[in-house]
Amino acid sequence: MPITDSTVAPDTPTGAAPAPGAAPNTAPAGSRMTGRAKLILLLLCGAQFIIALDFSILNVALPVLGRDLGMDQADLQWAVTAFALPSGGFLLLSGRIADLFGRRRLFLIGLGLFTAASVLAALAWSPAVFLAGRALQGLGAAIIVPTGMSLLTTTFAEGPQRERALGISGTVLSMGFTIGMVLGGVMTDALGWRSTMSLLSVAGVAVLAAAPLLLTESRHPERPRIDVPGAVTVTGGLLSLIYALSTAAEQGFGRPDVLVTLLAGVGLLAAFVVVESRAAQPLVSLPMLRRRTVAWGNLAGLTTFAMMSTVIFLLTLYLQEVLRLSPFHTGLVFGVQGVVSAFAGLVAPKVIGRLGAHRTLLTGLLLQAGFTAALLGLGTGGGLWLALTGVSLGSLGHLWAIISYGVTATSGVPDAEQGLATGLVTSSQQVGITIGIPLLSAVASAHIAALRADGSDFARATLGGIKLALGLDAALLAVVALLVAAGLRTVRTARRG
């Protein structure tokens, strides 16, 4: 049941008085948003934008950062991994805690933690302090993302309003990742790498100041116990898996710690499934995962995020290492992609309205796969325009897939379980972004090393590794698109029956 102007949904009463000047999170069931609903959407999208920005703003600054803090080249991956481990590992647990103890409360805690951590990272005087700041940023992100998405889906009614809100949120998320790459290059050149972390802290303060005035509390109507065994196994499994893939991207899969943590991650996630099937109050409702829309929607979401983040990483490598573009000009290429992404996000609700969420999801995945495959035509003597066109049009399909998978995976889920549903949605996003790059970059790196050993020059070897990874990227997208099409067709057939 959506929240309306005159009532609060059954899962939201808390007994806590709203902040001064605040009103309940409300959005009429019609297609038009109230002024307050627009402000709430702006606030929640602002928080998502900051998190997306943090994923990419340091990418082009890493060499400068390493020289300033005295970090070895091989250790620079930890600037990314230190954020990715907690941000991917604690998402499901954070979403569940928010359902039980208050989404607004956890959202504010996450914002405060993220902002303080950004200040710590900006002031870091040693690698250890900087990595601690990054890890705390990741933990704050793991709280902000599921609580923000849960507040969004319980504020806006299922239907046109929610589709529009998810469309705007998905566009902001994608643009934040792209804009971060542009800003990272510009700010590092002009002001140094610390300015990137300072920007995040200033933006965090702004959102944190506005949030108590706009958001009111919502939580699950009951107070079930937290599923401790489930929390331990899923968090440990995700942490182990992300660590293994991130380390393998730099060091290969032959290292003992990579193999041990990879096996531990798979084992813990398998144990999580067993634990949840027997738990009286599970962290993740397996019956929810048996909903085909939830299962297939989240598979599509994980895949589209994993594969597009990988394309951006590989093209960054191609533009800078093969075509020898500067970080600034590389950022401009992705700036064009950001403009196309913004357009795609704006028209996506209309496309969903005409085709339906399921067909839009399939169309988006196939477009992303097709334009990723087109990038196999890149060469060492040229390819800038192909790279620009391929990544931009591929992003159009990617945005359609993002928005329609969010609609698909949360449709029909009761408000009391929206935290769990949106926790799965955001886990798909964050885990996809986290595992895609290390997985396929490990493939690319191994192929580059093999080609170099056979006598290929640096540019040709690098291009060969990039094209192998792009081919796998496109193939995975196509396979998942076919699986999702079959799975969601079964849903439509069952509903007609």
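The following paragraphs examine the structure supplied in this document. Counting starts from 1 at the beginning of each chain's written sequence and moves along it residue by residue. Note on the predicted model: pLDDT of at least 70 is required for a residue's local features to be given, and 80 or more for side-chain atom pairs to be given and counted; whole-chain, interface and lining totals, by contrast, use all residues. To get the side-chain values, take all heavy atoms of the structure and skip hydrogens and water.

Digging into the overall build of the protein
When its secondary structure is counted, the protein shows 17 helices and zero strands. Only protein chains enter the accessibility calculation, which uses a 1.4 Å probe. A residue is then buried if its area is under 20% of the maximum for its type, exposed if over 50%, and partly exposed in between. A burial count over the protein gives 56% of its 497 residues as buried. Of all intrachain contacts in the protein linking residues separated by at least 6 positions in sequence, the fraction that spans at least 24 positions is 82%. Calculation of accessible area relied on Shrake-Rupley with a 1.4 Å probe; when residues are assessed, cover is drawn exclusively from the protein chains displayed. Just so you have it, the protein exposes about 18,800 Å², and 69% of that area is on carbon and sulfur atoms. Counting from the N terminus, the helices are DSSP H or I runs at least four residues long and the strands are E runs at least two residues long. The contact rule is simple, with two residues in contact once any of their heavy atoms fall within 4.5 Å.

Re a nonpolar patch on the surface
Nonpolar side chains (Val, Leu, Ile, Met, Phe, Trp, Tyr) within 5 Å and like charges within 9 Å form the patches, drawn only from residues with over 30% relative accessible area and no salt bridge. Each salt bridge in this description consists of a side-chain nitrogen of Lys or Arg and a carboxyl oxygen of Asp or Glu lying within 4 Å of one another. Where nonpolar side chains cluster on the molecular surface, the patch consists of F101, I226, V228 and V232 and spans about 310 Å² of accessible area. As for its position among the elements, F101 is in helix α4 (residues 91-101).

Some words on the layout of surface pockets
A cavity here means a set of 1 Å grid points, computed over protein atoms only, where a 1.4 Å probe fits but cannot escape. A pocket is an open set with protein on both sides within 12 Å along at least 5 of 7 lines, and lining residues have an atom within 4 Å of a point. Grid points are joined across faces, edges and corners, and a volume is the space filled by probe spheres set on the points. By volume, the second largest pocket is sized at about 530 Å³. What lines the second largest pocket is a set of 20 residues, among which L92, L289, L302, L424 and S428 lie closest to the centre. Residue assignment for the lining of the second largest pocket shows that the elements contributing at least two residues are α9 (228-251), α10 (256-278), α11 (286-289), α12 (292-322) and α16 (418-453). When residues of the lining of the second largest pocket are sorted by domain, at least three fall in each of domain 2 (225-280) and domain 3 (284-490). Where each domain begins and ends is defined by an automated method or by a domain database.

Quick word on the environment of R359
Position of R359 relative to the elements: it lies in helix α14 (residues 357-374). On the accessibility criterion, R359 (51% relative accessible area) is exposed. Between the C-alpha atom of R359 and that of R489, which follows or precedes it by 130 residues, the distance is 9.8 Å.

Brief notes about the packing of aromatic side chains
Two aromatic rings from Phe, Tyr or Trp, using only the six-membered ring of Trp, form a pair when their centres are within 6.5 Å; if the ring planes differ by under 30 degrees the pair is stacked, by over 60 it is edge-to-face, and anything between is tilted. Enumeration over the complete set of coordinates arrives at two aromatic pairs. Relative to W193, the ring of F130 has its centre 5.4 Å away and its plane inclined at 85°; by these criteria the two rings are edge-to-face. Of this pair, F130 sits in helix α6 (residues 127-155) while W193 sits in the loop between α7 (160-191) and α8 (194-214), and the two are 63 residues apart along the sequence. Assigned by exposure class, F130 and W193 land together as buried. For the pair F305 and Y405, a centre-to-centre distance of 6.4 Å together with 80° between the ring planes defines the contact as edge-to-face. Here F305 is found in helix α12, whereas its partner Y405 is found in helix α15 (residues 384-410), with 100 residues between them in sequence.

Remarks on the packing of α12 against α14
Direction vectors running N to C along α12 and α14 enclose 25°, while the axes themselves pass 11 Å from each other. Regarding the angle of α12 to α14, the classification is roughly parallel. Regarding α12 and α14, the two cross each other, and that crossing is left-handed. Residues T293, A300, T304, M307, M308 and V311 of α12 pack against H358, L361, L365, Q368 and T372 of α14. For the contact of α12 with α14, the class distribution of residues is six nonpolar, five polar and no charged. Simply put, an axis is a line fit to the C-alpha atoms, just over the touching stretch for a helix, and the angle between two N-to-C directions goes from 0 to 180 degrees. For classification purposes, an angle smaller than 35 degrees is called roughly parallel, one larger than 145 roughly antiparallel, one from 65 to 115 roughly perpendicular, and anything else oblique. Whether a crossing is left-handed or right-handed is set by the direction in which the near helix is turned from the far one by less than a right angle, anticlockwise for left-handed and clockwise for right-handed. Only Asp, Glu, Lys and Arg are considered charged, only Ala, Val, Leu, Ile, Met, Phe, Trp, Tyr, Cys and Pro nonpolar, and every remaining residue, Gly among them, polar.

Notes on the side chain of T147
Within the secondary structure, T147 sits in helix α6. Residue T147 is classed as buried on the basis of its relative accessible area of 1%. Apart from residues lying up to four places away in sequence, T147 is in contact with A98, R103, L106 and F107.

Quick look at the packing of helix α5 (residues 103-123) against α6
In a pair of packed helices, the angle between the axes and the distance between the axes together describe the arrangement. Interhelical geometry of α5 versus α6 gives an angle of 155° and a closest axis separation of 7 Å. In this view, α5 runs roughly antiparallel relative to α6, as classed from their interaxial angle. Taken as a pair, α5 and α6 cross one another with a handedness that is left-handed. Its residues assigned to classes, the contact of α5 with α6 comprises 17 nonpolar, nine polar and two charged.

What to know about the environment of L268
Topologically, L268 is positioned in helix α10. In the structure, L268 is positioned 31 residues away from G237 in sequence and 4.7 Å away in space, judged by C-alpha atoms. Apart from the residues lying within four places of it in its own chain, the contact partners of L268 are T233, G236, G237 and S240.

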